[in-house]
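What follows is each chain in one-letter form.
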Amino acid sequence: MAQSRKAGGSSPAFLFVMTTGIVNLFGDITYEGGASINGPFMATLGASAAVVSVTAGLGEFLGYALRLPAGYAADRTGRYWLITFVGYVINLFAVPAMALAGSWQLAAALVLAERIGRALRKPTIEAMLSYTTGELGKGWVYALNTALDEIGATLGPLIVALVLLLKGDFRAGYAFLTISAAAALIALVVARVNFPTPSHLEQGRTAPAKDFSKAYWLYMLAGALFASGLMSFELISYHLSKARIASEQWIPVMLAISTAFGVLANLAFGKIYDRIGLPIVIVAVCISAAFSPFVFLGGFWLVLFGMLFWGAGYAIQDTLLKAIVAEVLPEGKRNFAFGLYYAGYGVGWLLGSIATGLLYENSRAGLITFSIAMQLASVPVFIVAERQGAPTDASRMVS
C-alpha cells in the first residue's frame, strides 16, 4: 500500500468532504422534502400517473444530461465555483416556489428547473471531491459525503410530514423549505471561502487514466441499465396515494425511513468497496432489484419493507457509481467525465421512467418485471467493464 490515509479530523481533505456534505445535507432537506410530496401535489392539480412519471423521468434525464455541458464548461473555463453556485441557487429555490404553482404544468416546470440546477452543480462537486480520494479512499469519500446528503434527505420528508400533521397543506410544506434552502447557500459560501482551490488537496494521482477507456464506456452502459429500473419516488408516492396504501402524512415518512436505511447502506457500501471492489456492487444491485414487487403489490407494511431495498438502490447511485467512475477518470477532464457519465445514466433513467409510467397504467406485472430485469441486466456489464481495465484491488486500497 503505497500511501497512508490520514484519519485525523483536522485533515483539510476531511474537512472539505464534511463541509460539502453539510451543504448537501441542507440541500437534500430542501429538494427531497419537496420530492416527497411532488407526486400527490401534482395529482391534486389534475396530473395523471403517466404525467407524473414522465415529468420525473424527464427531470432526471435533464438532471443527468446537462451535467455534460456543465462539466465541459467547468474544465474549459476553470469557473467551477461559479457554476456550482448558479446550480445550487436554481436547484434550491425552485422547491419553495412550488407553493405558488397553480397548475400541474407550472409544477412540472419547477420540478424540471430543480433538476436542471442540480445538473449544473453536480459534476463540479463530484470532481472537487475526487481530489480528496487519494488520501481518504474513493468509496469512503463519496460514502461520507453522501451519508450527510442522505441525512438531509431523511429529515426533509419528516419536516414536510410534520407540517402536514400540524394541519398544513402541500403549499405550506414547500414554503417551509425556504429555511433549509437558505442554510445550504450559507454553508456553500463557507466552503468557497475556506477551500478556494480544492485541487490543492490532491495527494498522489487521483485521475489515473490518460483518456476515456473501454471500461469507462461499459460502466456508463451498466449505470444506464440500472437507472432504467430504479424508479423515482414521484411514481411510487403517486401509487401510494392513488391506491390509498398510505395517508398524506405517511408518504413522506416512508421516504424518510428508506433514506435513513440508505445512509447506513452508503457508509457500508463505500467502506466495503474500498476493500473488495466490484463484488459489493453486484450484491447491492441484487438487493435493489427486489424492491418493486413489495412496493407495487403489497399493503402498507410490505411497501415499507420494499422501500428499504429501494433506499439501497439509491445508495448504489449516490456512492458506488461515483466511486466506480472515479477509478477511471481521465486527468484534466474529470468534470467532463462525470458530466458525460451522468448524461448516459440520465438517458437510461428517462427511458425507464417513460416505460414504467406507461406500464403502471396498463400492467402492474409488466412494471415489476421491467424494473427487476433492467437492474439485473447491469450486472454482467459491470463484470465485463471490470475485466476491461479496472484497477486491481491493490491499487484501490489505501489504509
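Residues numbered from 1 in each chain as written. Predicted model: local features only at pLDDT ≥ 70, side-chain atom pairs only at ≥ 80, totals over all residues. Heavy atoms only, no water.

Novice: Residue-level account of the overall build of the protein chain, with values.
Specialist: A count of helical and extended segments in the protein chain gives 18 helices and zero strands. The globule rule puts the C-alpha radius of gyration for 399 residues at 21 Å, and the 20 Å found for the protein chain is close to it. Once the C-alpha set of the protein chain is aligned to its principal axes, its extents read approximately 55 × 45 × 35 Å. Considering only intrachain contacts with a sequence separation of at least 6, the fraction spanning at least 24 residues in the protein chain is 87%. Accessible area of the protein chain: about 14,200 Å², with a carbon and sulfur share of 69%. Where the 26 positive side-chain charges of the protein chain centre and where its 21 negative ones centre are 3 Å apart. (Helix = DSSP H or I, 4+ residues; strand = E, 2+ residues; numbered from the N terminus. Rg over C-alpha atoms; globule rule 2.2 N^0.38 Å. Contact = heavy atoms within 4.5 Å. Areas by Shrake-Rupley, 256 points an atom, 1.4 Å probe, with all protein chains shown as cover. Lys, Arg positive; Asp, Glu negative; His and termini not counted. Charge placed at Lys NZ, Arg CZ, Asp CG, Glu CD.)

Novice: Describe the packing of helix H11 (residues 233–242) against helix H16 (residues 334–362), and please don't skip the residues or the numbers.
Specialist: Here H11 crosses H16 at 15°, and the two axes come no closer than 11 Å. For the element pair H11 / H16, the angle class is roughly parallel. Between H11 and H16 the crossing geometry is right-handed. Along its contact with H11, which presents Leu-235, Tyr-238 and His-239, the element H16 presents Thr-356, Gly-357 and Tyr-360. By residue class, the composition of the contact of H11 with H16 is three nonpolar, three polar and no charged. (Axes fitted to C-alpha atoms, helices over the stretch in contact; angles between N-to-C directions. Parallel < 35°, antiparallel > 145°, perpendicular 65-115°, else oblique. Left-handed = near helix turned anticlockwise from the far one by under 90°. Nonpolar A, V, L, I, M, F, W, Y, C, P; charged D, E, K, R; others polar.)

Novice: Can you lay out the environment of Pro-69 for me, pointing to particular residues and giving the numbers?
Specialist: Summarising the element assignment, Pro-69 is placed in helix H3 (residues 67–77). For the pair Pro-69 and Gly-306, spaced 237 residues apart in sequence, the C-alpha to C-alpha distance is 36 Å.

Novice: Lay out the nonpolar core with the relevant residues and their values.
Specialist: Counting 107 residues, the largest nonpolar core has Tyr-216, Ile-236, Val-281, Phe-291, Phe-296, Trp-310 and Phe-382 as its most contacted members. Discounting chain neighbours no more than four positions away, the residues touching Phe-291 are Gly-229, Leu-230, Met-231, Ile-236, Phe-296, Gly-306, Phe-309, Trp-310, Ser-371 and Gln-375. (Core = buried A, V, L, I, M, F, W, Y, C linked by side-chain atoms within 4.5 Å. Buried < 20%, exposed > 50% of the residue type's maximum accessible area, 1.4 Å probe, protein only.)

Novice: Now, about the packing of aromatic side chains: what can you tell me, with residues and values included?
Specialist: Centre-to-centre distance and the angle between the planes together describe a pair of aromatic rings. Throughout the structure, instances matching the rule amount to 25 aromatic pairs. When the ring of Trp-81 is compared with that of Phe-85, the centres are 6.4 Å apart and the planes differ by 50°; the resulting orientation is tilted. With a gap of four residues between them, Trp-81 and Phe-85 both fall in helix H4 (residues 80–93), about one helical turn apart. Judged by relative accessible area, which is 6%, Trp-81 ranks as buried. We classify Phe-85 as partly exposed; its relative accessible area is 22%. Arranged with centres 5.9 Å apart and planes meeting at 80°, the rings of Tyr-341 and Tyr-342 form a pair that is edge-to-face. (Phe/Tyr/Trp six-rings, centres within 6.5 Å; stacked < 30°, edge-to-face > 60°.)

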